Amino acid sequence: MTGPNGSSRVFIELGPRPEEPTQLVRPGARSSYPPDVLARLDADAETLVARYREPDAAATTSRSALLPLLHLVQSEDGYITPAGIDFCSAKLGLTGAEVAAVSTFYSMYRRGPTGEYLVGVCTNTLCAIMGGDDILAALEEHLGSTGSRDEGGHSISTSDGKITLEHIECNAACDYAPVVMINWEFFDNQTPESARSLVDALRAGERVTPSRGATLCSFRQTARTLAGFPDTRIEAAEAQTIGGATLAGLRISRSHDDNLPGSASAADTPGEGK
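What you see is a predicted model; the values in this text were computed from it and never measured.

Describing the overall build of the chain
If you tally the helices and strands in the chain, you get 9 helices and 6 strands. Taking all contacts inside the chain whose residues are at least 6 apart in sequence as the whole, residues at least 24 apart take part in 64%. For the chain, the accessible area works out to roughly 15,300 Å², and carbon and sulfur atoms hold 54% of it.

So, in structure tokens, the structure goes:
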């Protein structure tokens, strides 16, 4: 870019150079796959990539196939590793920088080792009002004595490898606030006590079922399903997929006479006033 005086050029580095380590390089992270793992991933990748080929050509819509491929390598490693980046690059003809840029843009792709169950606590807007901060604080205290924080301090993983706790901005389920997600499955209307019971049950190996959906499976199994492979849980096809709206925040607001000027009354709102 041009400098302030219009005569000199200023160069700004937008990221690490190819030979420099990145935030995806963690101690113990794979840099390559052994032959047996590579053969399995190759077969799975071919299934995924084939879905994005034009019917009359061998060309692949590379950037569309990248998202499921990243879930595939995450199902193998538990997070995005240099080996996973290289694998996706080779399969789609992209540079490592292009693959890494996508993997670090979307929060569903993990950047460090992840436990069997990824527990996310929302403290944004309505969840915060309804107690999300208390839930997060309770879980951090409950798990902190048997776990360690990642390098960025954003998550706690227990030493038994069962739980990774992360603080997230929004679960997009405000109607059921405060919400905790485990492997991206919803647990509605939580409290500090119920959240502690949830993680204790998971660490004890108990079967746990979310508010909607089938019994929880592991984080890596979830990643494989997100890659586009069938959900092998027997009850998945019959699991409840939607629940009735609670409008809990609206009701509590109105119970405190917190209507904004000009807002509809309970009697004027469809489904309310019961």
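Moving on from the model shown.
Quick notes on the confidence of the model for the chain
The share of residues in the chain with pLDDT of 70 or more is 70%, and the mean pLDDT across the chain is 80. Contacts for the low-pLDDT stretch residues 12–22, under 50 throughout, to residues beyond four places or in other chains number 3 contacts. Contacts of residues 260–274 to residues separated by more than four positions or lying in other chains number 12 contacts, the stretch itself having pLDDT below 50.

Some words on the pattern of salt bridges
Charged atoms that come close allow side chains of opposite charge to pair. Applying the stated criterion across every chain, the model contains 10 salt bridges. The salt bridge partner of Asp44 is Arg224, with a shortest N-O separation of 3.0 Å. Taken together, the residues span a long stretch of sequence, with Asp44 in helix 1 (residues 35–50) and Arg224 in helix 8 (residues 219–227) at a distance of 180 residues. With relative accessibility at 13%, the residue Asp44 sits in the buried group. Judged by relative accessible area, Arg224 falls into the partly exposed class, the value being 31%.

Procedures and definitions
- Residues numbered from 1 in each chain as written.
- Predicted model: local features only at pLDDT ≥ 70, side-chain atom pairs only at ≥ 80, totals over all residues.
- Heavy atoms only, no water.
- Helix = DSSP H or I, 4+ residues; strand = E, 2+ residues; numbered from the N terminus.
- Contact = heavy atoms within 4.5 Å.
- Areas by Shrake-Rupley, 256 points an atom, 1.4 Å probe, with all protein chains shown as cover.
- pLDDT = per-residue confidence, 0-100.
- Salt bridge = Lys/Arg side-chain N within 4 Å of Asp/Glu carboxyl O.
- Buried < 20%, exposed > 50% of the residue type's maximum accessible area, 1.4 Å probe, protein only.

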